[in-house]
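Below, each chain spelled out in residue letters.
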Amino acid sequence: MKLLVILLTNDDSNKMKSYVNKCPSYMFKIFDEPLISYTKDIYKGIATKIVAINENEVSLIKNEIKEYDNVLISYASMPLLLKESVNKTLSIHIKNNNDVTHSDNLFIINSITFLTFLSKNCIINISKILKECEHQEFIKLSSRETKIIDTRFKLQEATKIIQKRINKKHLDNGVSIVDVATTYIGKDVLIGNDTTIYPNTYILGKSIIGVDCEIGPNAYIYNGFIDNKEKLINVSYNQKNSK
């Protein structure tokens, strides 16, 4: 089954109160990565291809839609959705042979149905698609997962959730974290077993931490490579001086 994922990137910089930089929500960062990077990670291993466009740019991909069985449409600033929820919705869509299967802010559409709609419309209009499709099914997902992060308050809420998810992953893999509330680990960081992370520590970028290390307190590591059994306290360690 070939799946095209379309992440909508409409400009909502006003909602984010980004009057100087005109930065849309999907480019705001959680730690060192923009929201769209977290959102794309959700679909890795599920999507055949991921594209990020605004609703007026569908002409850029219209000719290739026929190569896919289904099209999933969601938002680039929706990083809290879980892979399990996407797989659940996709499985129901395929099993029930729906034209459209959807939840809040998540829509899976049969590619033929989508192409038929685009033959009469030049923009992606979700409400109109739902209105025109008879064979559709709604799947209830957590409102937390399907929340679009388009205000700075929602951004700090999402940051806490992602921080907790990442820290739990490392705890489950045998890393000790003394204070999860003040430990900030990027999504692409690798940390070896039996390493201990002390409070007020940032480990970001593509950092790799060896086994049985002690990191912190008060450490900042970006794109660093730390050998096994090293101790780093009160340090700033970045790509320029990494090993």
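Residues numbered from 1 in each chain as written. Predicted model: local features only at pLDDT ≥ 70, side-chain atom pairs only at ≥ 80, totals over all residues. Heavy atoms only, no water.

Novice: Would you explain the overall build of the protein chain in this entry?
Specialist: Along the backbone of the protein chain there are five helices and 19 strands. Counting across all 243 residues of the protein chain, residues that qualify as buried make up 50%. For the protein chain, restricting intrachain contacts to residue pairs at least 6 apart in sequence, the fraction spanning at least 24 positions comes to 50%. Put simply, the protein chain shows about 12,200 Å² of open surface, and 51% of that area lies on carbon and sulfur atoms. Here the protein chain contributes 32 positive and 27 negative side-chain charges, whose respective centroids are spaced 3 Å apart. (Helix = DSSP H or I, 4+ residues; strand = E, 2+ residues; numbered from the N terminus. Buried < 20%, exposed > 50% of the residue type's maximum accessible area, 1.4 Å probe, protein only. Contact = heavy atoms within 4.5 Å. Areas by Shrake-Rupley, 256 points an atom, 1.4 Å probe, with all protein chains shown as cover. Lys, Arg positive; Asp, Glu negative; His and termini not counted. Charge placed at Lys NZ, Arg CZ, Asp CG, Glu CD.)

Novice: Would you mind going over the sheet that holds strand 17 (residues 225-226) with me for this structure?
Specialist: Strand-to-strand pairing in sheets goes through backbone hydrogen bonds, with the strands running parallel or antiparallel. Strand order in the open sheet formed by three strands is 11-14-17, and the pairing between neighbours is parallel. Two strands lie at the open edges of the sheet, namely strand 11 (190-191) and strand 17, each paired on one side alone. (Pairing = 2+ DSSP bridges.)

Novice: Would you mind going over the pattern of salt bridges with me for this structure?
Specialist: Any two side chains of opposite charge can pair, on the condition that their charged atoms come close. Scanning all chains against the criterion turns up eleven salt bridges. Put simply, Asp41, Lys44, Lys187, Asp188 and Lys206 are held in one network by salt bridges that share partners. (Salt bridge = Lys/Arg side-chain N within 4 Å of Asp/Glu carboxyl O.)

Novice: Sorry, what's going on with the environment of Ser143 here?
Specialist: Take Ser143: it is sitting in the loop between strand 8 (136-138) and helix 5 (152-172). Along the backbone, Ser143 and Val178 are 35 residues apart, and their C-alpha atoms lie at a distance of 31 Å.

Novice: Looking at this structure, I do not really get the pairing of strand 7 (residues 106-110). What am I missing?
Specialist: The side chains of a regular strand alternate, residue by residue, between the two faces of the sheet. The element strand 7 is largely enclosed, with a buried count of five among its five residues. Of the two faces of strand 7, both are covered, the one formed by Leu106, Ile108 and Asn110 as well as the one formed by Phe107 and Ile109. For strand 6 (residues 100-103) and strand 7, the ladder comprises four bridges, and the chain directions are antiparallel. If you follow Val100 over to strand 7, its bridge partner there is Ile109. Counting the residues between successive antiparallel strands, the hairpin from strand 6 to strand 7 contains two residues, one of them, Asn105, with a positive phi of roughly 65°.

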